[in-house]
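Coordinates in review
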Amino acid sequence: MSSPQDNSSTRIVAGETTKPKRRRTIGIGLAVGLVLLIGAGAAVASAVSQSNQAAPAPTTSPAAELKLGYFSNVTHGPALVGTSKGIFAKDLGDTKLTTQIFNAGPAAIEALNAGAIDATYIGPNPAINSYVKSNGESISIIAGAASGGAQLVVKPEINSAADLKGKVLSTPQLGGTQDVALRAWLGHQGFKTNTDGSGDVNINPTENAQSLKLFQDGKLDGAWLPEPWASRLVLEAGAKVLVDEKDLWENGDFTTTILIVNKKFAAEHPETVKALLKGHVESVNWLNNASAAEKASTINAVLKDTAGKPLPANVIDRALQNIKFTTDPLAGTYKKLLQDGVDAGTTKTADINGIFDLRTLNEVEGKKTSAGGLGQE
């Protein structure tokens, strides 16, 4: 949006009475007052006329730079592919692309709200929480990215929910999507948990790499994690799956990753958001059309650059088998996601109507993805 440029005395003669002069003075005063009144009226009329004219539409332009956030997770495959294969850069044209990697959603939301990034791949619960806290002013969900790929993995001796009482579990970050999923699920099992880590089950939000190490060292009983970390704990540390989150959702479909944008940025640079979505759609299509080997090698190359080493072949193969890449944000699941956040104590009851803006996605794809009655499509 472009901004306004900064770019009279009265003489008395002897022998003459003052009354005529007074009438003359009064007449002059009335005349002057009339002139002023007419002028003021004209000014008011002009102001009213101008105020009744439609305000000029705000001007927009492509952004000079797009700052994009994502996680170094397999569930963020479209971001990994779009950046590494130059798809985003191609579609953004003259707009410079810079990226920032996060461990979990709440940190990404903090950066987005502070203006450090303009858009980010993220889980749904931090996006919902941001929307609720800002009364709908902060973000818009503009596309889905991945479904599936989150599990509660535990020590081999843990065989049921009842065995979790008094145990220590981890999630990537307090208020993140897996954190909310774990707390909500434990609540349905009759356990009380608190955001300070106390309760029937102790939940300690921990960076994913640290969760792996703590589990290997015997200091952690389990973790609700996204891929590839769930697979790493299973294949590298001997964990077993207690809950596969897909089993908790109808048809096994639940949102793991979405693409959101800062509302102010989107209003000022719709062309840039459209270019980002074009790249996103291309990246999702690439993932769904590539061979398993090509998909694994491309993602693994990015993970090697960001994490220092590639994943073992069996880990990335297992991780990819648990994930479906899709541009559909599965809007029909968001009322439950909101309620899960309320139950977990990480958000409050609110109206999330308006959280989606899928108009540009639908324009780019040439098909209609539903906003589930929670926004524009």
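Before reading on, note that the structure itself is shown above.
Here the focus is the pattern of salt bridges. Within the structure shown, the criterion is met by 13 salt bridges. For E282, the salt bridge identified is with K90, shortest N-O distance 3.1 Å. Of the two residues, E282 sits in helix α10 (residues 270-289) while K90 sits in helix α3 (residues 87-92), which places them 192 residues apart along the sequence. Among the residues examined, E282 registers a relative accessible area of 30% and is labelled partly exposed. Members of the salt-bridge network, linked through shared partners, are K90, D91 and E282.

With their axes 10 Å apart at the nearest point, helix α11 (residues 292-307) and helix α12 (residues 313-321) run at an angle of 110 degrees to one another. Viewed along their axes, α11 and α12 adopt a mutual orientation that is roughly perpendicular. Considering the relative orientation of α11 and α12, their crossing is right-handed. Along the contact surface, α11 presents K295, A296, I299 and N300, while α12 presents I316, D317 and L320. Classifying every residue of the contact of α11 with α12 gives 4 nonpolar, 1 polar and 2 charged.

Right, let's talk about the nonpolar core for a bit. Grouped together as the largest cluster of nonpolar side chains are 85 residues, with contacts concentrated most on L152, L164, L186, I260, Y334 and F356. Discounting residues that sit within four places of it in the chain, I260 has contacts with I109, L112, A119, T120, I122, A127, I139, S140, I141 and I142. Grouped together as the second largest cluster of nonpolar side chains are 11 residues, F215, A223, L225 and L233 included.

Cut-off values and rules
- Residues numbered from 1 in each chain as written.
- Predicted model: local features only at pLDDT ≥ 70, side-chain atom pairs only at ≥ 80, totals over all residues.
- Heavy atoms only, no water.
- Salt bridge = Lys/Arg side-chain N within 4 Å of Asp/Glu carboxyl O.
- Helix = DSSP H or I, 4+ residues; strand = E, 2+ residues; numbered from the N terminus.
- Buried < 20%, exposed > 50% of the residue type's maximum accessible area, 1.4 Å probe, protein only.
- Axes fitted to C-alpha atoms, helices over the stretch in contact; angles between N-to-C directions.
- Parallel < 35°, antiparallel > 145°, perpendicular 65-115°, else oblique.
- Left-handed = near helix turned anticlockwise from the far one by under 90°.
- Contact = heavy atoms within 4.5 Å.
- Nonpolar A, V, L, I, M, F, W, Y, C, P; charged D, E, K, R; others polar.
- Core = buried A, V, L, I, M, F, W, Y, C linked by side-chain atoms within 4.5 Å.

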